[in-house]
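Chain by chain, the residues:
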Amino acid sequence: MAGYGRFITLEGGEGAGKSTLIAGLSEAIKARGHEVITTREPGGTVLAEHVRALALTPPESEHWSPLAHALLMNTAREDHLQKKIRPALEAGQWVICDRFADSTRAYQSIDGVAPDVLLAIERAVLAGTVPDLTLILDADPRALAARRTARGTQDVFENKQLAFHEQVRAAFLEIAEQEPDRCVVIDALQSPAQVLKETLKAIDTRVVSE
Ligand SMILES: Nc1ncnc2c1ncn2[C@@H]1O[C@H](COP(=O)(O)OP(=O)(O)O)[C@@H](O)[C@H]1O
Ligand SMILES: [Mg+2]
């Protein structure tokens, strides 16, 4: 029987480069001879994708309370862990997940859900399936906005949006500070090649691959 796989999660604000990294990273890990699956949250299974749609795009003029939203994220996560992530790890595959529990900690705490409540729900849902490594793609939101503007893909933030993105950044950095063994902060303003290089270095030094 194959050994247990490795579980790697990517976190960071919108546009930080998670999807870009996941593509290069999965190729690099495959090239090292491992089986890899990539997935995302919320989502990743049929039911979790339905929950994603319900959570992120509720019917017009309806909205979820912050706690209800946090519970939905965890409902999706429970299905994802049970049906996709754990079976893959048990089959010896590496699992790379675009956003995971840290996004719920970050965004739902900003929404006003108490951090101890979020942690208690997270612990029950993860039931020990904690990522081996979490890559936090970090950048000043102003610089990310400038990057988008330079590419002509998006306008600059309004001040209110900027304040929100700064809260998201601070929340991820706080998680990295609280769990330095699991989390690595990567400067997202570097080139994609450099981001991938630092990621592989973190895998080499922190994730046992045999
Ligand atoms: N390191 C980088 N340097 C410059 N541009 C990047 C970098 N990483 C991603 N991008 C570009 O920035 C945009 C957002 O990247 P993406 O990977 O989709 O971010 P996310 O998945 O975190 O929202 C894309 O247009 C992508 O091509
Ligand atoms: Mg993405």
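One can find the structure itself at the top, above this paragraph.
All figures in this text were calculated on a predicted structure; none of them were measured in a lab.

Draft legend 1. Main features of the site of ligand 1. Around ligand 1, the structure places 14 residues, and the nearest of them are Gly 15, Lys 18, Ser 19, Thr 20 and Gln 190. In the model, an oxygen atom of ligand 1 is placed 3.3 Å from a nitrogen or oxygen of the Ala 16 main chain. Here an oxygen atom of ligand 1 sits 3.0 Å away from a polar atom, N or O, in the main chain of Gly 17. Here ligand 1, which alone exposes 560 Å², has 73% of that area covered by the protein. Given that more than half its atoms are within 2 Å of the pocket grid, ligand 1 belongs to the largest pocket. Only α1 (18-31) and α6 (141-151) provide two or more residues apiece to the shell around ligand 1. At 3 residues, α1 tops the list of elements feeding residues into the shell around ligand 1. Across the shell around ligand 1, the residue classes tally to 3 nonpolar, 7 polar and 4 charged.

Quick notes on the rules
Residues numbered from 1 in each chain as written. Chains lettered and ligands numbered in written order. Predicted model: local features only at pLDDT ≥ 70, side-chain atom pairs only at ≥ 80, totals over all residues. Heavy atoms only, no water. Near = heavy atom within 4 Å. Polar contact = N/O pair within 3.5 Å; in protein donor to acceptor, adjacent residues only side chain to side chain. Areas by Shrake-Rupley, 256 points an atom, 1.4 Å probe, with all protein chains shown as cover. 1 Å grid on protein atoms, 1.4 Å probe; cavity = no way out; pocket = protein on both sides within 12 Å on 5 of 7 lines; lining within 4 Å. Sits in = over half its atoms within 2 Å of the grid points. Helix = DSSP H or I, 4+ residues; strand = E, 2+ residues; numbered from the N terminus. Nonpolar A, V, L, I, M, F, W, Y, C, P; charged D, E, K, R; others polar.

Shape descriptors only; they carry no functional weight alone.
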